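Close look at the chain arrangement
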Amino acid sequence: MNGAQALWQTLINHNITTVFGYPGGAVIPLYDALTGFPEMRHILVRHEQGASHAAEGWAKATGEVGVCIATSGPGATNLVTGLTDAMMDSVPIVAITGNVPRALIGTDAFQEADITGITMPITKHNYLVRHANDLPRILAEAIRLARSGRPGPVLVDVPKDVQLELFSGEIPAPHARPESPSPAREAIERAIEALKKAQRPILMVGGGAMDASKEIIEFAKAWNLPVITTLMGLGIYPSKDPLWLGMPGMHGSVAANRAITNADVLVGIGLRFDDRVTGKVSRFAKNATIIHVDIDAAEISKLVHAHIPVRGDAAKAARYFADHATYLENKEWHDKLQEWKDRYVRHPVWSAGYAIKQIVDQLSDDDILSTDVGQHQMLAAQLARFQKPRRWLTSGGLGTMGFGFPAAIGSALADPGVRSIVIAGDGGFQMTAQELATLTKYRIPVKIAVINNSFLGMVRQWQELFHENRYSEVWLGDSNPDFIKLADAYGIHAVRATNSEELESAIQAWLNHDGPSLLEAVVPNEHGVFPMVPAGASLEEMVETHEEAKQKQ
Amino acid sequence: MSANLYGDTPSSPTKDHIISVIVRDEPRVLTRITSMFARRGFNIKSLSVGTTENPGVSRMTIVVGGDDNILQQAIRQLEKLIDVIKVIDHREEKFVDRELVLVKVTITPETRVEVRHIAEDFRARIVDVGRYALMFEVTGDEGKITAFIEQMRPFGIIETMRTGRVALSRGSNADIPTQVYTDGGSKSLEPVLGDVEI
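Here the structure is a predicted model, which means the values were calculated and not measured. (Residues numbered from 1 in each chain as written. Chains lettered and ligands numbered in written order. Predicted model: local features only at pLDDT ≥ 70, side-chain atom pairs only at ≥ 80, totals over all residues. Heavy atoms only, no water.)

1. Details of the overall build of chain B
- Regarding its fold elements, chain B presents five helices and nine strands.
- Starting at the N terminus, the α and β elements of chain B follow one another as β-α-β-β-α-β-β-α-β-β-α-β-β-α.
- Across chain B, contacts joining residues at least 24 apart in sequence account for 74% of those joining residues at least 6 apart.
- Of the roughly 10,600 Å² of accessible surface on chain B, a fraction of 51% belongs to carbon and sulfur atoms. (Helix = DSSP H or I, 4+ residues; strand = E, 2+ residues; numbered from the N terminus. Contact = heavy atoms within 4.5 Å. Areas by Shrake-Rupley, 256 points an atom, 1.4 Å probe, with all protein chains shown as cover.)

Shown next, in the form of structure tokens:
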């Protein structure tokens, strides 16, 4: 057995049997060995960025490690965006890269890049494998690291001659999944005492609580706590439940943002108080005692001071809160929240918001919705109604255009039983549109909706509001492809809707098509996303309409 | 109420903090540590690295400039790095710290004796003797070394080289229990990782 064979066998031993990759000179031994492992499904993408996002989509949908493979040099550097995205959103992926033979490392050899050096700040950890005998052990450690504690990306760089070197050891059995730390009892009891006295409490949950959904629901119901889910936390709490207030932050709901400003106790679980959530940090929840539960000690009091820090596992903490519950009536607070909940944006009949609403209304509770980044993303986050966790895949921390489509490919392969739908903009879709070839190659039934407003809509909105309508370099309409023909060129079924009447039947034709299909909704370009908290402003300065935003200027 | 890392309300004054970082002796560890500081905008005032009595384990003494929030963040971010076995915040216990400096001082027949007298007062050792210069080796805490350099300045300092500070906690306990890295001879990653909470 050589190093390359040992690598595949290690992945298989870890129950990893789907990988996303792209061959190249420095991984030819790996691809050669692949032919001996028929149980391994390799998905050939068309750009390594697609492989990294597909691995992320897989990981976000399942909670298990996603794996992507690239060759040395340009192949490896093309993973950088996906790795950074995974780092920001705590997604467990393992990237395997080839490198030039050991003797050539450091000589500026053909297709050489110092990928362990390059990815140091954007991975949890990375390895340069020096001997074939180390390879399975390091790979096993990488898989364990990716999913333990606060999950994240890990890179394993394997020189070409290490792939060819004889491996003479045993392939290690998978590491036991490490027990996640229980919160300290004293800390959580202090939190319970504070919460008992609350008049205007709220519970805020982020992506770190993704696997604590059941406990979070019990916690909230037992205490009668209103719940806010961040962009990364959508689906952890069912939107059907009357306690749910929506998403906080820059494009959050009126109810969520007003609740944060007025709360006297804020329990945050599995979130990191991103600036898109907090607005001006010195004014964030300024009246509240902040209880922060997080597995990553470095997140506690990093940006928002935690009066009661609780370090530990989200599910264990929520379970403790639920088991020691005091039902808080606080009728006045709940009445006030209901009043705010009734304030939401009504979208004009033909607009991006309208089209997205029509699409998300067709989703079942099991469907997985991915988005790209921009106006359509925020509209989808505001309008979609998730009842379960891991049904919503979006790029939060990094805001990666091009993320949505390959992520949907990853999620579609992870669970062929569910429908995988992606909503993208005309800008972001073109950043990874070449993955249409991947859909065709494997007949992956992803449903793509391109919301085409002929603009980089979010930048346009900012230029409109903060730069006196100087629309600098955001017009795409003169050079966008014909998306129907583009899909057709790859052999993918596509339909177009240019008004509300066409949309309804187009959605049916799109969703009911057997196999991959694309819907293009051509929408007017003048609409912005509201409510909005202007950058640098506090949540209480949220504006609800375009006119209000202009007045504030 | 909010204390923000880079914000407008520093919660405590900026000062120097001394920490020790016990790390696995792996390639690139120094880069991982320093790039974390660089990326987050924390200031390294001094950094010394050396091997320890345990093969495969190195020890760094880092002087961090900043307020308490920055120190706390730096420690917690360091603790997340896989190669870091332990971070010791020396505010929490008594410690000894030392620095070594080489100082080359100009001498003339008139100043030669006086320079040597001052050096004796500081217990500085002469490590090189030339016709126009003497080189001294001084160890001590930061204050002593600074004082020595100030005393020598009027005679004419040609050049100096300071090592940066090194520190150890006082008392009979080791900063990390030896069982953390039991099989000292092995470069294996497993035993180290197995005992460190990730």
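On we go from here.
2. What about the domain arrangement of chain B?
Residue and element names in this part refer to chain B.
- When the domains of chain B are assigned, the result is domain 1 (15-92) and domain 2 (96-166).
- The centre of domain 1, based on its C-alpha atoms, is set 29 Å off from the matching centre of domain 2.
- Across the contact, six residues belong to domain 1 and five residues belong to domain 2.
- Between domain 1 and domain 2, roughly 410 Å² of surface is buried when both sides are summed, and carbon and sulfur atoms account for 52% of that area.
- If you sort the residues of domain 1 by the area they bury against domain 2, Ile-18, Ser-48 and Thr-61 come out on top, with a joint share of 63%.
- Viewed at the interface, domain 2 and domain 1 are joined by zero salt bridges.
- Elements represented by at least two residues in the side of domain 1 that touches domain 2 include exactly strand S2 (43-51) and strand S3 (57-66).
- In terms of residue count, S2 provides more of the side of domain 1 that touches domain 2 than any other element does, three residues in total.
- Taken together, the residues that form the side of domain 1 that touches domain 2 break down as three nonpolar, three polar and no charged. (Domains from an automatic or database assignment. Buried area = accessible area lost by both parts, 1.4 Å probe. Salt bridge = Lys/Arg side-chain N within 4 Å of Asp/Glu carboxyl O. Nonpolar A, V, L, I, M, F, W, Y, C, P; charged D, E, K, R; others polar.)

3. A few points about the UniProt feature "domain: Thiamine pyrophosphate enzyme central" (unreviewed entry) in chain A
- On the UniProt side, "domain: Thiamine pyrophosphate enzyme central" (unreviewed entry) is annotated at positions that read residues 188-318 of chain A here.
- Taken end to end, residues 188-318 of chain A is 29% helix and 20% strand, and its first and last C-alpha atoms sit 10 Å apart. (UniProt positions renumbered as here; feature names shortened; annotations may be inferred.)

4. Quick notes on the packing of aromatic side chains
- Summed over all chains, the structure comprises 15 aromatic pairs over all chains.
- Consider the rings of Trp-350 of chain A and Tyr-354 of chain A, whose centres lie 6.2 Å apart with planes at 65°: the pair is edge-to-face.
- Given the relative accessible area of 17%, Trp-350 of chain A is considered buried.
- Geometrically, the ring pair formed by Phe-136 of chain B and Phe-148 of chain B is edge-to-face, given 5.7 Å between the ring centres and 80° between the ring planes. (Phe/Tyr/Trp six-rings, centres within 6.5 Å; stacked < 30°, edge-to-face > 60°. Buried < 20%, exposed > 50% of the residue type's maximum accessible area, 1.4 Å probe, protein only.)

5. Some words on the pattern of salt bridges
Residues and elements named next belong to chain B.
- Counting across every chain of the model gives 46 salt bridges over all chains.
- One salt bridge connects Asp-16 with Lys-45, and the closest N-O pair in it is separated by 2.8 Å. You can see Asp-16 sitting in strand S1 (residues 15-24) and its partner Lys-45 sitting in strand S2, a full 29 residues away along the chain.
- Residue Lys-45 is classed as partly exposed on the basis of its relative accessible area, which comes to 48%.
- Note that Asp-83 is salt-bridged to Arg-24, the shortest N-O span being 3.2 Å. Placement of the pair is Asp-83 in the loop between helix H2 (68-80) and strand S4 (84-89) and Arg-24 in strand S1, with a sequence separation of 59 residues.
- Exposure remark for Asp-83: the relative accessible area of 4% places this residue in the buried category.

6. Brief notes about the layout of surface pockets
All names here are of chain A.
- Looking at the second largest pocket, its volume works out to about 600 Å³.
- Taken together, the elements giving at least two residues each to the lining of the second largest pocket come down to strand S9 (244-246), helix H11 (254-262), helix H14 (331-341), helix H15 (352-360) and helix H16 (375-383).
- The biggest single contributor to the lining of the second largest pocket is H15, with four residues.
- A breakdown of the residues in the lining of the second largest pocket according to their chemical character gives 15 nonpolar, nine polar and seven charged.
- Two domains each provide a minimum of three residues to the lining of the second largest pocket, namely domain 2 (185-341) and domain 3 (352-529). (1 Å grid on protein atoms, 1.4 Å probe; cavity = no way out; pocket = protein on both sides within 12 Å on 5 of 7 lines; lining within 4 Å. Points joined across faces, edges and corners; volume = space filled by probe spheres on them.)

7. Structural notes on helix H22 (residues 500-512) of chain A
Residue and element names in this part refer to chain A.
- Between its first and last C-alpha atoms H22 spans 19 Å; for 13 residues at 1.5 Å apiece the expected length is 18 Å, and the two agree.
- Listed as buried for H22 are Ser-500, Leu-503, Ala-506, Ile-507, Trp-510 and Leu-511.
- Its side-chain oxygen at 3.1 Å from the backbone nitrogen of Glu-501, Asn-499 defines the N-terminal cap of H22. (Expected span 1.5 Å × (residues − 1). Polar contact = N/O pair within 3.5 Å; in protein donor to acceptor, adjacent residues only side chain to side chain.)

8. Considerations on the interface of chain B and chain A
- With 23 residues of chain B at the contact, the number on the chain A side is 32 residues.
- Here chain B packs against chain A, burying approximately 2,500 Å² in sum over the two surfaces, 50% of which is carbon and sulfur.
- Applying the counting criterion to the chain B and chain A interface returns two salt bridges.
- In this structure, the salt-bridge partner of Asp-296 of chain A is Lys-80 of chain B, at a minimum N-O distance of 2.7 Å.

9. Thoughts on helix H1 (residues 29-40) of chain B
Residues and elements named next belong to chain B.
- With 12 residues, H1 ought to run about 16 Å at 1.5 Å a step, and its terminal C-alpha atoms sit 17 Å apart, in line with that.
- Listed in full, the buried residues belonging to H1 are Val-29, Arg-32, Ile-33, Met-36, Phe-37 and Arg-40. One face of H1 carries all of its buried residues, which in axial projection span an arc of 130°.
- Just downstream of H1 lies Gly-41, where phi reads positive at about 75°. (Arc of directions from axis to C-beta.)

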